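Notes for the structure review
Here's the letter readout for the chains.
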Amino acid sequence: MLNDKKQLIGPAEEEIRTLLSQSGDPLEAIKAIQKDYGLDLPDIENIYPLLELCGYSRLEIHKACLDALNKAVVEQIEKPTFQLENFYDLFKRTVPYIHAPLMQPIPMALLKKFERHIEDDVIEQLKNNMAVFENCPMNIKQRVWKQDESYFQQTMISLVNSYHHDEGLQSLALNIKPDNYQEIIEQRRQHPIIEKVMAIINQDPQIYEMFIKMIRIVFEATPHPSLCSLRVDILMNFHENNCHQITDLDPCHQLIFILDTCVRNQNMDETITERIKECFDDVENGSTLYADFAMILMEPMISNFLASMIVKLLKSTLLEKIPQSQSPTRKLVSYISKLLNLAQHAPVAIPNHTKIPKLEKELKENFWDTMCAMMLEKGPDTLYSNGEKIQNTMIYLLQKSDIARKVFTSYLIDCIREGNIYSLSRYLPFILETWPAPDFEEEGVIYRQTYLGFVKTMIDVLSKSHAVECITDERWKQGVIIHFLFKVVSWDWMIHEQMVRFLAEYYIDSKSLNRIGNQVTIITEWAEYMIINGFKDEKHLQKLKDVYGYLITRSNSILNGDYRINSPILIRFLSS
């Protein structure tokens, strides 16, 4: 702009307000403002009407010109010929307007290229304006964070909260036995929040150490499994990127890498466990590193894998011809259970800075034998001679130990996949009798997640493999739906929502509906039962309405709506 034109920045705002308030004719005032503050280009007043006839407002014209100017200047700044002597004058003239988003590209480009020459008082001003700081180049942000670690923690905590409450990530964490582990891992590690954290760390070892420290601090206050997932996924992303300045720095790298490989391959043998034991060499119980190891083992995908390995190994011991006390497989079970013991006690031991206690005696002496006895009592012709003993032992240990809960629920998922309705009918009631009471938080943060994860995974497997049997086979209908899922649907809104989605799956494939035939009317009865008895609260009411609406829409859209749900109870609920 030439000097005879006024600048539409800084004090102009007050001047324009005065002109508009004092003018008798606002339209004339606007024309005067446009003339005084418009673009100072030859014949611009003649060009404006032409551009306006083309459908462009003055704002759009000015923004396009400013964008072009910003782009041209930034290109000059990025050239090697733009040196320090050019920086000082341009920065002095542009930094006062850095709070205006349209004026930010030039001073931001200068900040990025000449960060070492920016004075501390300027950095402090940027730090005190969060809207401006958010748009600053990463090298400026990292300089601020390194000078003020508490400010870094404040910046990161919002990301951690978003990660923890992300519904997609919560759903992945509750899947205790995915069909495709590789797909789940990729979804987690390519999540936008993970990518943003990676960008913040930016392969800087000091920032990474600050991030790990922040995770520990947050975990001590709120020991949620999501923090463990964040810790694992960030490091494994750096591992995949061959970022040795980060992986060589983290003493947990070897353990995380080994466990990640185990999860991907769904295998853990004696050779692998020896490598894991090496990670614990010279690491004392109660130390910071030992606590970090416990957090890693608490990560849901890792701890669920360990539980599934125990089930797999226990099944294999039933085929062995040697006493259990001499079985190398049973010794492997014992070691994996010790790893799960770290995971179980991490939420309490780490915040309280106490040592993690040893594996409970009842698990070592009773639980594995009881699980093996359950695996043998699996057919319709089984005498079930140990029924009372199994029930008493299992209910006692399920109430007491998350290791027992994880292993038990992993076994039940196997039963569902195998179609073993006899074992399901016998053992699903153990879940009902040990579901956490309303004050379950006193039992620890994992208790709830273990059982919610089981129910979610159970419904997923039923939907894929046994949906038709749940309606047409009285054993499945009674043992799984009526006497179990209809009980737990009243305990949590997520179970309620997923059960409605389960019903909607019947209306995805016409082949399923044809197999069910006239019995399809039971779906309406089930939906009505869940509306009346399912858990509902104000916070999630709209989500429940949305999913019931989806159920009705699906029923109307398949097979010309011959099997549509037309329930007054559902309609009233949706319109309430």
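Please refer to the structure higher up on the page.
Remember, predicted model here, so these are calculated numbers, not experimental data. Every residue gets a number counted from 1 within its own chain, in the order that chain's sequence is written. Whole-chain, interface and lining totals are the exception, using all residues; otherwise, since this is a predicted model, local features are given only for residues with pLDDT of at least 70 and side-chain atom pairs are given and counted only at 80 or more. To get the side-chain values, take all heavy atoms of the structure and skip hydrogens and water.

**Looking at the packing of aromatic side chains**
We call Phe, Tyr and Trp rings a pair once their centres come within 6.5 Å, taking the six-membered ring for Trp, and we label the pair stacked below 30 degrees between planes, edge-to-face above 60, and tilted otherwise. Enumeration over the complete set of coordinates arrives at 22 aromatic pairs. Where Trp435 meets Trp491, the ring centres are 4.6 Å apart and the plane angle is 35°; that geometry is what we call tilted. Here Trp491 lies in the loop between helix 28 (474-488) and helix 29 (493-505) and Trp435 lies in the loop between helix 25 (421-434) and helix 26 (445-465), a separation of 56 residues in the sequence. Assessed through its relative accessible area of 15%, Trp435 is described here as buried. Whether a residue is buried, partly exposed or exposed follows from its accessible area with a 1.4 Å probe, protein chains only, as a fraction of its type maximum: under 20%, in between, or over 50%, in that order. On the basis of relative accessibility, which here comes to 30%, the residue Trp491 falls in the partly exposed class. The interplanar angle of 75° and the centroid separation of 5.8 Å between the aromatic rings of Tyr447 and Tyr451 together place this pair among those described as edge-to-face. Numbered from the N terminus, helices here are DSSP runs of H or I no shorter than four residues, and strands are runs of E no shorter than two.

**Things to note about the environment of Ser425**
Checked against the element boundaries, Ser425 lands in helix 25. When the C-alpha atoms of Ser425 and Trp476 are compared, they prove to be 8.4 Å apart, with 51 residues separating the residues in sequence.

**So, the pattern of salt bridges**
Just to be clear on terms, a salt bridge is a Lys or Arg side-chain nitrogen sitting within 4 Å of an Asp or Glu carboxyl oxygen. Within this structure, the stated rule accounts for 31 salt bridges. With a closest N to O distance of 2.7 Å, Lys146 and Asp204 form a salt bridge. Taken together, the residues span a long stretch of sequence, with Lys146 in helix 9 (residues 138-147) and Asp204 in the loop between helix 13 (192-201) and helix 14 (205-221) at a distance of 58 residues. What makes Lys146 partly exposed here is its relative accessible area of 35%. Residue classification places Asp204 among the buried positions, given a relative accessible area of 14%. Arg417 is the partner of Asp179 in a salt bridge, and the nearest nitrogen-oxygen pair spans 3.4 Å. With Asp179 in the loop between helix 11 (167-173) and helix 12 (181-189) and Arg417 in helix 24 (residues 402-418), this pair connects stretches of sequence that are 238 residues apart. Owing to a relative accessible area of 58%, Asp179 belongs among the exposed residues under this scheme.

**Topic: a negative patch on the surface**
Residues enter a patch when their relative accessible area is above 30% and they make no salt bridge; the linking distance is 9 Å between like charges and 5 Å between nonpolar side chains (Val, Leu, Ile, Met, Phe, Trp, Tyr). In short, Shrake-Rupley with a 1.4 Å probe defines the accessible areas, and a residue's cover is counted only from the protein chains shown. His is not counted, nor are the chain ends, whereas Lys and Arg count as positive and Asp and Glu as negative. Here the site of a charge means NZ on Lys, CZ on Arg, CG on Asp, or CD on Glu. Where like charges cluster on the molecular surface, the negative patch consists of Glu278, Asp281, Asp282 and Glu284. Tracing the backbone through its elements, the reader meets Glu278 in helix 18 (residues 270-279). Taking the relative accessible area as the measure of exposure, Glu278 reaches 55% and is therefore exposed.

**Thoughts on the side chain of Lys456**
Along the chain, Lys456 turns up in helix 26. With a relative accessible area of 13%, Lys456 lands in the buried category. Contact partners of Lys456, with chain neighbours within four places excluded, come to Ser171, Leu174, Asn175 and Gln498. Whether two residues are in contact is decided by their heavy atoms, any of which lying within 4.5 Å being enough.

**Observations concerning the side chain of Asp250**
The topology assignment puts Asp250 in the loop between helix 16 (244-247) and helix 17 (253-265). A residue is classified by how much of its surface remains accessible, and Asp250, at 7% relative accessible area, is buried. Aside from chain neighbours lying at most four places away, what touches Asp250 is Tyr208, Ile212, Arg231 and Leu235.

**Points about the nonpolar core**
We define the nonpolar core as a collection of buried residues of types Ala, Val, Leu, Ile, Met, Phe, Trp, Tyr and Cys that are connected through side-chain atoms lying within 4.5 Å of one another. With 181 residues, the main nonpolar core has Phe211, Phe280, Leu485 and Tyr506 as its most contacted residues. The element best represented in this core is helix 21 (residues 328-352), accounting for 11 residues. The contacts of Leu485, once residues within four sequence positions are left out, are Val455, Met458, Ile459, Leu462, Val480 and Met499.

**With respect to unusual backbone geometry**
Positive phi values are uncommon outside glycine, yet Gln203 reaches one of about 60°. Structurally, Gln203 is set in the loop between helix 13 and helix 14. The phi dihedral of Asn242 falls on the positive side, at around 55°, and the residue is not glycine. According to the relative accessible area criterion, Asn242 is exposed, its value standing at 57%.

**Brief notes about helix 7 (residues 120-128)**
Among all positions in helix 7, only Val122, Ile123, Leu126 and Lys127 are buried. One face of helix 7 carries all of its buried residues, which in axial projection span an arc of 140°. Looking at helix 7, the residues exposed on the side facing more than 90 degrees away from the buried face are Gln125 and Asn128. Of the surrounding elements, those touching the buried residues of helix 7 are helix 5 (84-94), helix 6 (105-113), helix 8 (130-133), helix 9 and helix 10 (149-165). Arc definition: it is the arc formed by the directions from the helix axis to the C-beta atoms.

**Regarding the packing of helix 10 against helix 15 (residues 225-240)**
The N-to-C vectors of helix 10 and helix 15 enclose an angle of 110°; their axes lie 9 Å apart at closest approach. The angle between helix 10 and helix 15 falls in the class roughly perpendicular. Like other packed secondary-structure pairs, helix 10 and helix 15 cross with a definite hand, here right-handed. Within the contact between the two elements, helix 10 uses Val160, Tyr163 and His164 and helix 15 uses Ser226, Leu227, Ser229, Leu230 and Asp233. Polar here means any residue other than Ala, Val, Leu, Ile, Met, Phe, Trp, Tyr, Cys and Pro, which are nonpolar, and Asp, Glu, Lys and Arg, which are charged; Gly is therefore polar. Residue composition of the contact of helix 10 with helix 15, by class: 4 nonpolar, 3 polar and 1 charged. Only the contacting stretch of a helix is used when fitting its axis, a line to C-alpha atoms as for every element, and angles between N-to-C directions run 0 to 180 degrees. Should an angle fall under 35 degrees it is taken as roughly parallel, and over 145 as roughly antiparallel, whereas 65 to 115 is taken as roughly perpendicular and any remaining angle as oblique. Helix crossings get a hand from a simple test, with the near helix turned counterclockwise from the far one by less than a right angle marking a left-handed crossing and a clockwise turn marking a right-handed one.

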